[in-house]
Each structure stands twice: as C-alpha cells, then as structure tokens.
Amino acid sequence: MAGDRSSESAAHGEVDPRLEKFDHVVVLMMENRSLDNLLGFLYPDGVTGNPMAGKTFEGVPEDWSNPVPAHAKDQPPDGSGRVFVSKTTDYKQPFPDPGEEYYHVNVQLFNQPNTNGKPTNSPPYNLPPERPLPTPSMDGFVTDYIEKLGEAVSKPKDNPQSFKNYSQIMHCFDPDALPVLATLARDFAVFDHWHCSVPSQTWCNRAFWHAGTSFGRVNNSPFGEWFKHNGAPTIFNQISDSNSHLSWKVYHDTPVVSLTNLIHFHALDRHEFHFHSLDKFFHDCKHGELPSYSFLEPDFIFDHNDYHPSSAGWDLIDGKEDVGAVLLGERLVAKVYNAVKDSMGKPGSNGKEGNTSQNTLLIITFDEHGGCADHVHPLTDIKPPDLGDLEHQEGFDFTRSGMRVPMIMISAHIAPNTVINEPMMHTSFLNTVQAKWGAETSPDKFPPISDRQQSDGMFTDVFTAPEPRPASEWTPVVAPPLPEDAVIERPEEPLHDLQVSIIGGSAEMLKAKGIEPPEFEATNKEEARKYLAEVERRLNEAD
C-alpha cells in the first residue's frame, strides 16, 4: 500500500514536513455507510479538477447492478432480473437497517448464502468453498437485503420481497441532498479507497482505529467476550504514557456511556477524566483548549445523528419517519466543521490568524459500511494483527479488509478537489499520528500497536495546498433544515443492533467494576433511556 509505514524520518527523530501541518487532530466517526451510498455520485464521470495531475474519483458506475434472486416473488418491473444503482434524496433510506454482521457481509460480497437448510449464521458463514477465496463479486446486496427484510418485518403489507422495499439497497445519495458532506469532500479532500478494517460490525472497526486489532472479534456480540480481551494498548495509552505535551479527550453525545470506553474498557478505565460530553468539545473549540487528539462520538441512540439506518418497527416500512438519520448526521457534521473553522484561540505553529483551524486536521469518517452497497471489493492478502492465542471468532483470519467507507479530511493545508486514490485502512490513521508524535517525542513511545499496521499506508499526501488557506476562505456549509414539526425521537422506536450492544456493553462495564447491573433488557428508546439513567445512578452510588 502507498506510504508504507517504513518511516525512517520518524526513526531518526525527524518529523516529515507534511506532518508539521497540524498540531491538533479531531476525528468525528459516524456510522454504517459505504462510500458509494453517500458519495458515489460526488464527481460525475470521475472528473475532479484535482490539483494533482491524473487524479480521478472512483464513484459508483451508473450501470452497476445486482441480480434479484429467483425466489423473490416481486421481480423488477423492467424484466431484467436486476436492480440498477440509482440516486436518492430520501434521508431514511435504506429502511430498515441492512445486515452488517459478518455472515450478512459475506452474502453481500459473494452472493452465496448457505444452502441445504443451514442457517446463514452458521459455518461456513456464507463463504464460497474455494480456497483461496475468489475475488468477491459484490453482487449479493439485494440477496442479503431481502433476507434481512424477512428478519425485520412481519406484516403482509411489509412484504420483504417487494421491489419497492428491496431495491432501496441500491440507492445512492444525490450530492445535492448532502450539502454538508458533499461540499466538504469537494472543498477539501476525499479518499476513494479507504477501507474499514473488518468486513463486519461497529465494535470491531472502531477497535482497529485505536488499537490496530479487534481482539479476534468480528461481531458486536457476545459483549462479555469483549470485556475478557479488550485490555490491549491503544493510541490513547501511548499518548498518556509519553509524558509529553500531548493530550487526548473523547467527547461523546450519547448520555452516560462512551462507546470508545466500552470497546477499550480495561485499557482506558483509569483514564475516566478524559471522557466528556460533546458540548465540552464545542466549548474547547471556542476557547482554544483542544487537546492534541479529540475523538468525537455522535448520539448513537436518542438524537440518532450518526447516519446509521433505522431499525424496522412502529409502522415505518412505508417511510413515515419524520427525520432520517442522514439529515441529523448532516446537521452534526456542519456544527463540528463550523466549530473548528471558527475556533478562536492561541495561534498554532502554522497559524497566521488567532485561529486553531490553521493547525487542526479535521477527519470525518465512518466505522463500517453497515450493509450499504458498494461496488469495490475489499483489500486482500493483508497482514493480520498478532492475536496470540485469542480465538478467531467465526473462523475469520483477518487477511481481508472491510468495504470502502467515506473518508473526508479538512485542513488549511488541503487544496480544494483533492482526491487520494491510494488504498488505505483504519490503521493508516494510527501509522500517521504515531509517526508524527513519535518523531516529536521519542519513537520508542509510539511503536506500532499491532502487526496489521506494518503493511498499511500513511495519509501524508493529503496536504496539497501550496499555502495554508485562512479560515475566512473556507467554504461555509449550511445544514439542511429540519422539517416543520419534526419528530427526532420516538420513545417506542425499537433499538437496532448497535444500540442494543451499547446497552449490553454498559451492563458488562458495571460487572467489570464490581457493580450489579440492572436486570431488564432495553428493547426501545424509552427503555434505553431509563436503563442508562439507572446505570448512571449505580455508577454514582459506587463512587
């Protein structure tokens, strides 16, 4: 991969000049969207106007399609037997939530669901029999979505085999419907081959972002297994142990618990004072108090501003939900971007204004594709992390990546229309910041955390502006307005898998602290709010 970690300059205590373009890193990681789904139509015909000669953008081909399985009773009306990619402006699609577990993703990749009456979530987990595995055909999204719809809906009018329902999975957003993401992707930098690390769920891919491993896990559950193995070191631990000028904070919008803390509980439990509400991030931006590394979490459960598709239920199969998660996500990204752009504080080492935007790198990305369609197959023959004697959940060997996800980088040192084509994964983030901070302090304090990193690249080529762009020249973004009388949260809305995992993870966190967790299981948002309030009460009581 491009930019291999062989960072000789860092080894000699010298900072790559491109890594001097920022002193602060802010990462906002959203949920469950593929590159094609959100940005596939960003640049028609791949023409970008990119300042780097020869650069094009690999968006979704307008003739791309997936076959419809013969058993579907409602075949495509054009008689083709296929669903072709098309544009959407519907902030609720795909609705309901596609499959994202490992066995669902394998169907999406290879279109070979288990046969002979075996359940699809049993060995061989929908993998073809050939070894080595063939190149994924990327034509199983419709097949898998029909199965997922069958799991999610039960009323006759919600027919999972109706063309109207299953064709949603091949809808990709019109850039005009995404005035925030599309604007930032064009005005700064977009990566068209950034892959998540695991062809599966949230906890695994967020773990790779900070620890270079998911401890052998490929699914969010069982939650107890995470808490047995999640003590591996993270980039947070390296920053804290460096005894240097470096600092970090995690800002979370979900009340009471941080998902990052749950994923890395045993590694981060002693660092509880580094976790803050998202409101604190906006305060720190305004007052020039950002740490070296800020990691931002959206509200995964209540405001649901994380772009994550919604769970089926409460008569929403016909799209009666007032506000989609994509609209709410656009509004959050706009708020974060504007906070960084307008952040007034101490001038940074590169600052020509009293504005920390001049030395801040803002990263907007997504943890995994979440079952949303993408036409580019994952990376193969990649180095697995050293798992020691840890079990490989569902037999996955970690030698192939997950799907492409949107990756946008924003900096005063990035020229408009920058496109990075080189293949990268989530561990490219680790490689790049470790090279920077290791050279600034001591390389011994920032060694690679896992073997996976050794074959992954760095994103130093993203800094393409010949001169820093003052914040006054950054494109202003305006979030799409909420519909009149919008309903953002409904108490009876069922929880999707990630939301359930946060509730389950909070129970495991209490157990790890020696606190008896609440007994009931939350199934909707009202119950989740009550559950987390009880978690908070028990934590405070224990203190």
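Below you will find a few notes about this structure.

What counts and how
Residues numbered from 1 in each chain as written. Predicted model: local features only at pLDDT ≥ 70, side-chain atom pairs only at ≥ 80, totals over all residues. Heavy atoms only, no water. Pairing = 2+ DSSP bridges. Helix = DSSP H or I, 4+ residues; strand = E, 2+ residues; numbered from the N terminus. Axes fitted to C-alpha atoms, helices over the stretch in contact; angles between N-to-C directions. Contact = heavy atoms within 4.5 Å. Buried < 20%, exposed > 50% of the residue type's maximum accessible area, 1.4 Å probe, protein only. Lys, Arg positive; Asp, Glu negative; His and termini not counted. Salt bridge = Lys/Arg side-chain N within 4 Å of Asp/Glu carboxyl O. Polar contact = N/O pair within 3.5 Å; in protein donor to acceptor, adjacent residues only side chain to side chain. Core = buried A, V, L, I, M, F, W, Y, C linked by side-chain atoms within 4.5 Å. Phe/Tyr/Trp six-rings, centres within 6.5 Å; stacked < 30°, edge-to-face > 60°. Lys NZ or Arg CZ within 6 Å of the ring centre and 35° of its normal. Disulfide = S-S within 2.5 Å.

Turning our eyes to something else, we now look at the sheet that holds strand β9 (residues 275–277). Strand order in the open sheet formed by eight strands is β9-β8-β10-β1-β11-β12-β6-β13, with mixed pairing between adjacent strands. Each end of this open sheet is capped by a strand with a single partner; those strands are β9 and β13 (418–420). Sheet twist, expressed as the average angle between the axes of neighbouring strands with direction ignored, equals 20°. Where helix α7 (residues 202–211) meets the sheet, its contacts fall on β1 (24–30), β10 (293–297), β11 (360–366) and β12 (407–410), and the angle it forms with β10 comes to roughly 175°. This element, helix α14 (residues 427–440), spans β1, β10 and β11 of the sheet and lies at about 165° to β1.

Position of E100 among the secondary structure elements: in the loop between β4 (86–88) and α3 (102–110). An unpaired buried charge is present at E100: no salt bridge exists, and K148, the closest side chain of opposite charge, is 6.7 Å distant. Among the polar contacts listed, one links the side chain of E100 to the side chain of N32, at a separation of 3.0 Å. Here Q201 takes part through its side chain, which lies 3.4 Å from a polar atom of the side chain of E100. The residues touching E100, leaving out its near neighbours within four places in the chain, are N32, V105, S200, Q201, T202, N220, H308, E368 and G370.

The buried count for β1 comes to seven of seven residues, which makes it a mostly enclosed element. The alternating pattern of β1 places H24, V26, L28 and M30 and V25, V27 and M29 on opposite faces, both of which are buried. Note: β1 against β11, seven bridges, orientation parallel. By the bridge assignment, M30 is partnered in β11 with F366. The pairing of β1 with β10 spans four bridges and is classified as parallel. Within the sheet, the bridge partner assigned to V25 lies in β10 and is Y293.

As a further point, take the nonpolar core. In this structure, L181, W209, F281, Y293, I363, M409 and F459 are the most contacted members of the largest nonpolar core, which totals 88 residues. Among the elements that make up this core, the one with the highest residue count is helix α13 (residues 325–341) (10 residues). Not counting residues up to four positions away in its chain, the partners in contact with M409 are F188, A189, F191, W194, L361, L362, I363, I414, F459 and V462. Membership of the second largest hydrophobic core comes to 59 residues, among which are I301, M403, L498 and M509.

This structure, assessed with the given rule, holds 29 aromatic pairs. Between F281 and F282 the ring centres are 5.4 Å apart and the planes differ by 70°, which places this aromatic pair in the edge-to-face class. Take F281 and F282: they sit in the same class, and that class is buried. A network of ring pairs unites the aromatic residues F191, W194, W209, F236, W248, F275, Y293, F295, F429, W437, F446 and F459 as a single cluster. In this structure, R469 packs its charged tip against the face of F188, placed 4.6 Å from the ring centre.

Attention shifts here to the state of the cysteines. The final tally for this structure, using the stated rule, is zero disulfides. There is no disulfide at C204, and the cysteine sulfur nearest it, in C196, is 9.6 Å away. Overall, the relative accessible area of 0% leaves C204 in the buried class.

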